[in-house]
Amino acid sequence: MLEQNWLRKGDLLDQRYRIKKLIKAGGMGAVYQAEDTARDDKVCAVKQMLDRFDNQTERREAIDRFLSEIQVLGSLRHPNIPRVTDHFLDKNSFFFVMEYIHGTDLSTKLKENKKGFPYQQVLEWMIEVLYALEYIHNIEP
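Below is a short write-up of the structure. Here the structure is a predicted model, which means the values were calculated and not measured. (Residues numbered from 1 in each chain as written. Predicted model: local features only at pLDDT ≥ 70, side-chain atom pairs only at ≥ 80, totals over all residues. Heavy atoms only, no water.)

A short note on the sheet that holds strand E3 (residues 29-36)
One key point about sheets: their strands pair by backbone hydrogen bonds, in either a parallel or an antiparallel sense. Spatially, 6 strands are ordered E1-E2-E3-E4-E6-E5 in an open sheet, and the strand pairing comes out antiparallel. Each end of this open sheet is capped by a strand with a single partner; those strands are strand E1 (12-13) and strand E5 (84-90). Sheet topology places E3 next to strand E4 (residues 42-49); 8 bridges connect them, and they run antiparallel. Note on E4: the bridge partner recorded for Val31 is Lys47. (Pairing = 2+ DSSP bridges. Helix = DSSP H or I, 4+ residues; strand = E, 2+ residues; numbered from the N terminus.)

What follows is the structure in C-alpha cells.
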C-alpha cells in the first residue's frame, strides 16, 4: 500500500533529487533510491521523515532527533557506513541524502533464504559490522 505522503517515481526534491523508487517505508518515514541531477544523475539514497505529529512537542523532539542523526552521520567517514552528503526541507518533510549502497538488504536476504546462511558468510558480514562499530566507538564525543 502506498502511503499518501510517500513520494512517487519522478518526483523532484530540492530542485535536484529525482525519485527512482521507494526502497523501504515505515511509520516515521521512508528511504528512496534517487538520482542527483546536479551530479550527472549519480544514484543516491534519500531518507524522508514524515511530519505527522499530534502536537508541537512531539514534532520538535522528532525534528531534533532527525537533525541529530544528520549531524552524527554527516561526520562519519568509514567504508562500511554510508556517507551523508546533503539535507533539506521540502514538501513539509525533512530529508537527508546518503551514498547509495547497491545490493540486497539483510531483511530481504533472510526472507529469500529460509534455510539460513553458511557460517562463514555470517562471520564475514559480522566482521564488516564490527569494523564499523569499532570505528564509531572510538570517536570522541
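The rest of the description comes next.
Remarks on the nonpolar core
Residues Met49, Phe66, Leu73, Val84, Phe94, Phe96 and Met98 are the most contacted members of the largest nonpolar core, which totals 16 residues. Those elements giving two or more residues to this core turn out to be E4, helix H1 (56-75) and strand E6 (93-99). Among the elements that take part in this core, H1 stands out by supplying 5 residues, more than any other. Other than its neighbours up to four places away in sequence, Phe66 contacts Lys47, Met49, Phe94, Phe95 and Phe96. (Core = buried A, V, L, I, M, F, W, Y, C linked by side-chain atoms within 4.5 Å. Buried < 20%, exposed > 50% of the residue type's maximum accessible area, 1.4 Å probe, protein only. Contact = heavy atoms within 4.5 Å.)

Comments concerning H1
Here H1 spans 28 Å end to end across 20 residues, near enough to the 28 Å set by a 1.5 Å rise per residue. Buried within H1 we find Ala62, Ile63, Phe66, Ile70 and Leu73. Down the axis of H1, the buried set is contained in an arc of 100 degrees. They therefore lie on one face. Seen from the open side of H1, the exposed residues pointing more than 90 degrees away from its buried face are Thr57, Arg65 and Gln71. Buried residues in H1 make contact with E4, E5 and E6. Of the residues that open H1, the one with a side-chain oxygen 3.0 Å from the backbone nitrogen of Thr57 is Asn55. (Expected span 1.5 Å × (residues − 1). Arc of directions from axis to C-beta. Polar contact = N/O pair within 3.5 Å; in protein donor to acceptor, adjacent residues only side chain to side chain.)

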